[in-house]
Amino acid sequence: MAEVKLAAETRTEFGKGAARRIRRASKVPAVVYGHGVDPLHITLPGHDLQLALRTPNVLLSLEIEGKTQLAIPKAVQRDAIKGFLDHVDLLLVKRGEKVNVEVYVHTEGELAPGAYLLEHVLSTLTVEAEATHIPESVTVSIAGLEAGAAILAKDIPLPAGTTLAIDEDAVVLQVLAAQAEEAPAESEGSESAEA
């Protein structure tokens, strides 16, 4: 996973008015915390941050007052209508440190022929990985599966250095038989009218 470098500025103004001024300047208010240090309030370039957050679990290299710190996004708040970034919480990490993150589960292949449906019980999988080697997603084959088949968390191949952080017997995907619609029952009233 590549690091995305962002220049950050510390901020001393807080509240709605200050946040609006920051957003009007095409920046995003953020807070960085972790490793027992006091939370640090910063602003980040809005466009660059939006591009970086397109990658799930992106590793950010923040330049703050001449120091470089690594962080991963912990919480991202967006405007409900326009989709712009409102605020971002970032968690400090160190090289070699293990972190728990959620990665998307992708499927490949086709189910067995027939009327089957694939249910995603979990769309993400919680894993533990080194902060600098977080996988973007995991892929599992569903080729040839029939109704009643289930894929458990332990059945999903993980990249080297990545381990499950949830119950290994948790159901992630399952195959269901599609239910046929029943023909509408004729009303009894129409039968008695014919007699």
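What you see is a predicted model, and the numbers here were worked out from it, not measured in a lab. (Residues numbered from 1 in each chain as written. Predicted model: local features only at pLDDT ≥ 70, side-chain atom pairs only at ≥ 80, totals over all residues. Heavy atoms only, no water.)

This brings us to helix α1 (residues 16-24). Taken together, the buried positions of α1 are Ala18, Ala19 and Ile22. The buried residues of α1 occupy an angular sector of 100° when the element is viewed end-on, so they sit on one face. Turned more than 90 degrees away from the buried face of α1, the exposed residues are Lys16 and Arg24. Taken together, the buried residues of α1 touch β2 (27-34) and β3 (37-45). (Buried < 20%, exposed > 50% of the residue type's maximum accessible area, 1.4 Å probe, protein only. Helix = DSSP H or I, 4+ residues; strand = E, 2+ residues; numbered from the N terminus. Arc of directions from axis to C-beta. Contact = heavy atoms within 4.5 Å.)

Only one face of strand β9 (residues 124-130) is covered, namely the one carrying Leu125, Val127 and Ala129; the face carrying Thr124, Thr126, Glu128 and Glu130 has none of its residues buried. Pairing analysis gives 7 bridges linking strand β7 (residues 98-108) to β9, with the strands arranged antiparallel. Within β9, the residue paired with Glu102 across the bridge is Thr126. Examined bridge by bridge, β9 and strand β12 (residues 163-164) share 2 bridges and lie antiparallel to one another. Within β12, the residue paired with Glu128 across the bridge is Thr163. (Pairing = 2+ DSSP bridges.)

Strand order in this closed barrel of 6 strands is β1-β3-β2-β6-β5-β4, and the pairing throughout is mixed. Here the strands of the sheet are splayed against their neighbours by 45° on average, with no regard to which way each runs. The strands that α1 touches are β2, β3 and β6 (85-93); relative to β2, the one it contacts most, it runs at about 115°. (Axes fitted to C-alpha atoms, helices over the stretch in contact; angles between N-to-C directions.)

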